[in-house]
Amino acid sequence: MASDISLSDVLYQELRSTVRGDTYRRGDPSFLEYSGMFNGDVKVSAMAVVCPLDALDVSQVILFCRKHSISASVKAGGYGTAGWAVGGDIIIDLCKITDIDIEPPAADGSFTSIRDMPLLGSKGKVKVGTPLLDRVAAVANTKRRREDDEELRYYDLASATVADFLYPGGSSAPFADRPPVTRRRLEFAAPALETPQMPTYSATSESSHVSNTTLSSSNSLGSSIPMVSNPLASNLPSMDGTTTVVVPPSPLPDTSSKPPPCLSSLDDPFSYLDDTSNSPAPPVASTSRLAQSMPNALFATPSFLESPTNILTYAMPIYSHAFVTFGAGKRQKEIDQFSAENPLEATSLAGGRGAVPYHIPSAAHPVGSAIMILGGFGFLGRLHGLSSDNLVEAEVVLADGQIVTVNHNEHPDLWWALRGAGPAFGVVTRYKARAYPVPVVFAGNLIYRFHRATAPSLIKHFRDCVKGAPRELYANVLLTAGPAGKDSLVVIQMCYVGPKVKGQEFLQAISSWDGEQCLLNEVDEKSFLHQQDSVAQVLRGKAGNKWYIRSALISSLPDDIVNKTVLQFADTPVGCTWLFELAGGALCDFEDNCIPKAQRQASFTVAALHQWDIKFQDPRCVHSAEEWIAETLAPVTLGGPLPSFLGRQEPPGRVIACYGENWARLCEVKKKYDPDNFFRNTFWPLNAEGEIIEPEEHEPLHIQF
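All values derive from a computational prediction rather than experimental measurement. (Residues numbered from 1 in each chain as written. Predicted model: local features only at pLDDT ≥ 70, side-chain atom pairs only at ≥ 80, totals over all residues. Heavy atoms only, no water.)

1. Examining the packing of aromatic side chains
Two measures describe an aromatic ring pair: the distance that separates the ring centres and the angle between the ring planes.
So, point 1. Summed over the entire model, instances satisfying the criterion amount to 17 aromatic pairs.
So, point 2. The interplanar angle of 50° and the centroid separation of 5.0 Å between the aromatic rings of Phe111 and Phe323 together place this pair among those described as tilted. One end of the pair, Phe111, is in the loop between β5 (100–103) and α4 (146–152); the other, Phe323, is in strand β12 (residues 322–327), and 212 residues separate them in sequence.
So, point 3. Here Phe111 falls in the partly exposed class, since its relative accessible area comes to 29%.
So, point 4. The exposure class assigned to Phe323 is buried, which follows from its relative accessible area of 3%.
So, point 5. Following the ring pairs from residue to residue traces out a cluster consisting of Phe425, Tyr659, Trp663, Phe683 and Trp684.
So, point 6. Above the ring of Phe425, the side-chain terminus of Lys670 is found at 5.8 Å from the ring centroid. (Phe/Tyr/Trp six-rings, centres within 6.5 Å; stacked < 30°, edge-to-face > 60°. Helix = DSSP H or I, 4+ residues; strand = E, 2+ residues; numbered from the N terminus. Buried < 20%, exposed > 50% of the residue type's maximum accessible area, 1.4 Å probe, protein only. Lys NZ or Arg CZ within 6 Å of the ring centre and 35° of its normal.)

2. Quick look at the sheet that holds strand β14 (residues 353–356)
So, point 1. With respect to topology, three strands assemble into an open sheet ordered β11-β13-β14, the strand pairing being antiparallel. Of all strands in the sheet, those bounded by a partner on one side alone are β11 (315–317) and β14. Geometrically, the sheet is characterised by an average inter-axis angle of 50° between neighbouring strands, direction not taken into account.
So, point 2. Taken together, the four bridges between strand β13 (residues 344–348) and β14 define a ladder with antiparallel strand orientation. Within β14, the residue paired with Leu344 across the bridge is Val356. (Pairing = 2+ DSSP bridges. Axes fitted to C-alpha atoms, helices over the stretch in contact; angles between N-to-C directions.)

3. Digging into the confidence of the model for the protein
So, point 1. Confidence in the prediction of the protein, expressed as mean pLDDT, is 78, and 72% of residues score 70 or more.
So, point 2. Note on residues 122–131: pLDDT is under 50 here. Beyond four places in sequence and across chains, it has twelve contacts.
So, point 3. Low pLDDT, under 50, characterises residues 171–313; the stretch is placed with 337 contacts to residues that sit more than four places away or in other chains. (pLDDT = per-residue confidence, 0-100. Contact = heavy atoms within 4.5 Å.)

4. Comments concerning the sheet that holds strand β3 (residues 72–75)
So, point 1. Strand order across the open sheet formed by four strands is β1-β2-β4-β3, with mixed pairing between neighbours. Each end of this open sheet is capped by a strand with a single partner; those strands are β1 (22–25) and β3. Direction aside, the axes of adjacent strands within the sheet are offset by 20° on average.
So, point 2. Summarising the sheet, β3 and strand β4 (residues 90–93) pair through four bridges and their orientation is parallel.

5. Some details on the pairing of strand β17 (residues 403–406)
So, point 1. With four bridges connecting them, strand β16 (residues 391–397) and β17 associate as antiparallel partners. Along β17, the bridge assignment pairs Glu395 with Thr405.
So, point 2. Hairpin connection, β16 to β17: the antiparallel pair is bridged by five residues, and Gly401 has positive phi, about 90°.

6. Looking at the nonpolar core
So, point 1. Counting 78 residues, the largest nonpolar core has Phe425, Leu666, Phe683 and Trp684 as its most contacted members.
So, point 2. One finds Ile492, Leu557, Phe569 and Leu582 within the second-largest nonpolar core, a separate group that totals 48 residues. (Core = buried A, V, L, I, M, F, W, Y, C linked by side-chain atoms within 4.5 Å.)

7. Side note on the packing of helix α1 (residues 9–18) against helix α3 (residues 55–67)
So, point 1. It is the contact of α1 with α3, at a shortest axis distance of 9 Å, that shows an interaxial angle of 155°. Judged by the inter-axis angle, α1 sits roughly antiparallel to α3. Crossing hand, α1 versus α3: right-handed. Residues Leu11, Glu14, Leu15 and Thr18 of α1 form the contact with α3, whose participating residues are Asp57, Gln60, Phe64 and Lys67.
So, point 2. When the residues that make up the contact of α1 with α3 are grouped by side-chain class, the tally is three nonpolar, two polar and three charged. (Parallel < 35°, antiparallel > 145°, perpendicular 65-115°, else oblique. Left-handed = near helix turned anticlockwise from the far one by under 90°. Nonpolar A, V, L, I, M, F, W, Y, C, P; charged D, E, K, R; others polar.)

8. What to know about the pattern of salt bridges
So, point 1. Here the structure, examined in full by the defined rule, presents 25 salt bridges.
So, point 2. For Glu410, the salt bridge goes to Arg115, with nearest N and O atoms at 2.6 Å. Here the residue Glu410 occupies a position in the loop between β17 and α10 (412–421), and Arg115 occupies one in the loop between β5 and α4, the gap between them amounting to 295 residues.
So, point 3. By relative accessible area, Glu410 is classed as partly exposed at 27%.
So, point 4. Arg115 gets classed as partly exposed once you look at its relative accessible area, which sits at 40%.
So, point 5. Asp464 serves as the salt-bridge partner of Arg463, at 3.1 Å between the closest nitrogen and oxygen.
So, point 6. What makes Asp464 partly exposed here is its relative accessible area of 47%. (Salt bridge = Lys/Arg side-chain N within 4 Å of Asp/Glu carboxyl O.)

9. Observations regarding the side chain of Asp413
So, point 1. Looking at the secondary structure, you find Asp413 in helix α10.
So, point 2. One polar contact links Asp413 to Tyr673, side chain to side chain, over a distance of 2.8 Å.
So, point 3. Every residue in contact with Asp413, bar those within four places of it in the chain, is listed here: Val669, Lys672 and Tyr673. (Polar contact = N/O pair within 3.5 Å; in protein donor to acceptor, adjacent residues only side chain to side chain.)

10. Describing the side chain of Lys432
So, point 1. Within the fold, Lys432 resides in strand β18 (residues 427–437).
So, point 2. If near-sequence neighbours (up to four positions away) are discounted, Lys432 is found in contact with Glu103, Phe111, Thr112, Ile114, Met117, Phe323, Val324, Thr325, Asn390, Leu391, Val392 and Glu393.

11. So, the packing of α10 against helix α19 (residues 663–673)
So, point 1. One way to put it is that α10 packs onto α19 with a least axis distance of 10 Å and a crossing angle of 110°. On the basis of the axis angle, α10 is roughly perpendicular to α19. Viewed along their axes, α10 and α19 form a crossing whose handedness is left-handed. Between α10 and α19, the residues in contact are Asp413, Leu414, Trp416, Ala417 and Ala421 and Arg665, Leu666, Val669, Lys672 and Tyr673, respectively.
So, point 2. Among the residues making up the contact of α10 with α19, the classes are represented as seven nonpolar, no polar and three charged.

Here it is, written out as structure tokens:
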């Protein structure tokens, strides 16, 4: 934990002279920008922020800190709610290490090692390989990244229909979705099929199909999703002389009578702490050599790649996986954007040449790169495993400043520990991970009003529907606040990794529940890039709010737990979201890292995601999460949560429980690579002597008003 002392001019000049990246001392206008966290309830006491350009810069900062007995902390996105990233005297912000590249596997399945992939602009001789690509490579490394932030803050591409539902006031009512912080939840003693006070939406399919028929998927109350195909098509000549049929997208539904989605930075989910414009960024040209070689600039912009009716939907991937190498400053949305803009060659169903984007399994947006070494569960997790399961190599700066390449063969003990507990063992500056072909997903939301009388039935119905589901199906159910002045909501999110024809049966099963009218059903074929925005869009969170997260892994979801959960949630303050995610599948396939088998066998991951205004004090915002996770769910809890869900004020016992039977071995690896606990500003609950310490001894203080 940092101390409130200043960095002398002599030390500041020495620090600046040791690195090529920028350094900002407390008092510099840029200090606040680079030390800011997603959770507003974090007091930053650091003396300076350093933005290194590569692993060598990071090494120099570590050596400087060790020389002067100064603590350091590492920031890679700033989304961790505990605030460990800014807890040191010197903050190492990795935001400038942003190079990225994708490569197919070699004939023998191997990949180019990170050590043989020089950073863009690096000097000196290299062994093999080409410089890493980046779509902002032409911009000087010292330039601020606000240009990219504007695009990253925009999440309503996940679903325009959901945006219209959640932001009924449109852009003319910037506070429409922000209920008063003291408002109690609305609760009506209404019959199950009462006419809803909120509008009911029927989402028109945004996907076209080669067939000229019209399909309709209806729930039991008649809410339908028409699937109207477009008979117009054009022939696209490919490079090998064959012809590929490309079906243009259907016209968008007329929304002239509806207000546009709210684009104000005050409303935008997970907006950054600035007052810049929040309009979507203009299309960015693809850097893919394959894309640029296509005729008629087919892949010139991501807008075509994101259309569910393009050639990607009907292409067969050539490779079972690819490898993406990226700097630790890349946020997950930037990585997904790069993947969408740089597809790999595939074979179209028409026999010509196509392309398919490859994505890394990760949590939904927004997350930083540290998700790769803390678990990381998302839409691809049940099919391909956790983020850390798909890491194949990392460039790491150790506690003594040494720079090493870590993989299955090099430093195998550190490799085992890194994938699940990484921040406590070193600074990862570059990652290489497996990515998988995702031409299209059949995904979206089913939204119902929350009633304590009917919500248990809906959750149990969801539980029964997803029991025994194939690995291709991701699904969650969450309880969350509704639009201003309206009831809270029950939202079911599903994502079938594949086309509509294969995922439709699961939608039909889930939507067959008739205990309440479905207010919105917009499940349809989408690009994976847009689907990654869906959780952020529904949560409607805001950077700068107070955030409190608690999570657990549970073995089952019995009726009594469901009933108690609904009753407890009905009394929580507005701003609380409780989530059940279907787990299992490929999570059980991996046992070669520090996340233990017992946790991987969980049936569900659960999380309490609480946010409230920074100046509002309500103990229930904390106590309700603790009571639900630690007491109500205790009978079915398996150890601790996935490490990526560790939050503020975590009891040491819960942290240790994340690693279960692997904890003792993890401690041995820690003694070897960080014997004096240099990386103390992390989740690690022990001091240098191996003694348990309380959270306040290694995380920043709360902000006091």
